[in-house]
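Each chain, written out:
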Amino acid sequence: MLAKMAGGWRWQRAWIAGLSLALPTGCAHFPTNDPLPSTGATKGYRFRDHALSAKDKETFVVLALSGGGTRAATLAYSVMQEMSRANLSGTNGRTLLDEVDVISSVSGGSFAAAYYGLHGNGIFEDFEDRFLRRNIQKDLFWQVLQPMNWPRLASFRYDRVDMAADFYDQTIFDSATYGDLAAAGEDRPFVILNATDMSLGSRFEFTQDQFDLLHSNLSTFPVARAVAASSAFPGLLSPIRLLNHPDQGQVGKPGWIDGALQSRIQNPASYRRGSDAASYLRGSSTKDRRFVHLLDGGISDNIGLRGTLDGLSSRSAAWSLLDLIEKKQIKRLVVVAVDAKTEPPTDWDQRASAPGILDVMMTVATSPMDNYSADTIHFVSETLKQLGNGNGSASDIDFHFVHVTFDDVKDAGLREKLHQLPTSFHLTNDQVDLLLEVGPQLLRDSPSYQKLLKAMGSS
């Protein structure tokens, strides 16, 4: 969701004005994440326990969905819809979308990812009306102005993001939990919703492996609350809070942490993951980190690809693609990145006066992130090329990287129009229609996608 927030500041000012009406009465508390049962670790929502028996085991497909509010959700939806039209030969009518093994998402893309994880192709029946064509900004604003919500918002234990999560839970996700997501069926992809740990500045994945470090049970956690954390844009929404439960001996220290902490020079990314994991465990025992505060996933990875990059470079990652490749469990690796990045115009360089404080704040917040996203895309692409050109088992893998981006729109006028779409929780019907037309066309026109379809025998 973190991109240039065109028009977003008007909503923020209205939101703050609405909050000023809240009365200092009553008491409320944000929903807490449950501790692990005393019997120990749960099976839970883990990649290694996620059944993929109905899929083509020789092909592993990763779908990465970027941030960008409703714009990102709509582009993701349109690309998924096009993938659902790509029938694969010799698979009894299965499509490329059916073969997706992992969806990794941030911010706006997390709405589409979570909904597909819960409903599968049912997303194409009602997601447009329930989210894409709905003015979520207006709905949330009116939630703030409802007198019944004032006492809750007046409590320091309940904040704007909690109200947003409750709204998503009631109107979009039907009170679904991660237990429901795990039970959705073996034919569904493993969905990783990414947020950012405010203290560490690192990715926080909503998986049971991550929640083990908090001695917490993800199965009872609302999916809507995870989506709210993934899309909690700083300033507009407060961080989602999680409890770091005391260690009651339910789970031991994961064995990979010590090895990761010894790889500071050889593998800095693995070392960082080990250091972050150790901080949760240490913080639980010392009470230094009783709470974990989560912000928009775009702060740490606005393209949704860092987990894939970690998986390609390390065996200590929660879902190690490198391990699958070296064990020759897959013969083809496909990464499809749906990138809703925009480039709204500015007039700063046309006038002598200094840009305003809001423009400066947004530039400081988003420019490094945009550069980081570009680097991530480059690193993933180059890593796949190096693995494919290397020696050993990796050289036997067929790699495909498909990047869907507005930058590839050939018509300059249309490209500029797309780059000016707002990052918000509301698009007009015409803007939604435009994205529903452009997304599939961008995918079909991609030479990498055409090569993939030919390799997989798609009609």
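The structure this text deals with has already been given above.
Residues numbered from 1 in each chain as written. Predicted model: local features only at pLDDT ≥ 70, side-chain atom pairs only at ≥ 80, totals over all residues. Heavy atoms only, no water.

## A word on the packing of helix α7 (residues 160-171) against helix α10 (residues 223-230)
Worth spelling out the cut-off: Convention adopted: a line fitted to C-alpha atoms gives each axis, helices being fitted over their contacting stretch, and angles between N-to-C directions are expressed from 0 to 180 degrees. Starting at the N terminus, helices and strands are each numbered in turn, a helix being any DSSP run of H or I of at least four residues and a strand any DSSP run of E of at least two. Roughly parallel means an angle under 35 degrees; roughly antiparallel, over 145; roughly perpendicular, 65 to 115; everything else is oblique. Crossing handedness: left-handed means the near helix sits turned counterclockwise from the far one by under a right angle, and right-handed means the same turn made clockwise. Contact between two residues is taken to exist if any of their heavy atoms lie within 4.5 Å; hydrogens are not considered. Amino acids are sorted into nonpolar (Ala, Val, Leu, Ile, Met, Phe, Trp, Tyr, Cys and Pro), charged (Asp, Glu, Lys and Arg) and polar (every other residue, Gly among them).
At their nearest, the axes of α7 and α10 sit 8 Å apart, and the two run at 135° to each other. With respect to each other, α7 and α10 are oriented oblique. As α7 packs across α10, the resulting crossing turns out to be right-handed. Of the residues in α10, those touching α7 at Val161, Asp162, Ala165, Tyr168 and Asp169 are Ala224, Arg225 and Ala228. In terms of residue class, the contact of α7 with α10 is built from 5 nonpolar, no polar and 3 charged.

## Digging into the nonpolar core
Stated precisely, the cut-off is as follows: In plain words, nonpolar cores are sets of buried Ala, Val, Leu, Ile, Met, Phe, Trp, Tyr and Cys residues tied together by side-chain atoms within 4.5 Å. Accessible area is worked out with a 1.4 Å probe on protein chains only. A residue is then buried under 20% of its type maximum, exposed over 50%, and partly exposed in between.
Membership of the largest hydrophobic core comes to 115 residues, with the highest contact counts inside it found for Tyr168, Phe173, Tyr178 and Phe206. Here this core takes 8 residues from helix α2 (residues 69-83), the largest share from any one element. Tyr168 has contacts with Phe111, Ile136, Leu140, Phe173, Ala224, Ala228 and Phe425, leaving out every residue within four places of it along the chain.

## Examining the packing of aromatic side chains
The test is simple: Two rings from Phe, Tyr or Trp (for Trp, the six-membered ring) form a pair when their centres are within 6.5 Å of each other. A pair whose planes differ by under 30 degrees is stacked, one over 60 is edge-to-face, and the rest are tilted.
This model, assessed by the stated rule, comprises 22 aromatic pairs. Measuring from centroid to centroid gives 6.0 Å for Phe204 and Phe211, while their planes differ by 65°, and the two rings are edge-to-face. Under the relative-accessibility criterion, Phe211 is labelled buried at 0%. Taken together through their ring pairs, the aromatic side chains of Tyr77, Phe111, Tyr115, Phe124, Phe127, Phe131, Phe167, Tyr168, Phe173 and Phe425 make up a single cluster.

## Let's talk about the pairing of strand β8 (residues 398-405)
Using the following cut-off: Here, strands pair whenever DSSP counts at least two bridges between them.
Buried residues dominate β8, accounting for 6 of its 8 residues. Where strand β7 (residues 332-339) and β8 come together, 8 bridges link them in parallel fashion. Bridge assignment links Val334 to a residue of β8, and that residue is His400.

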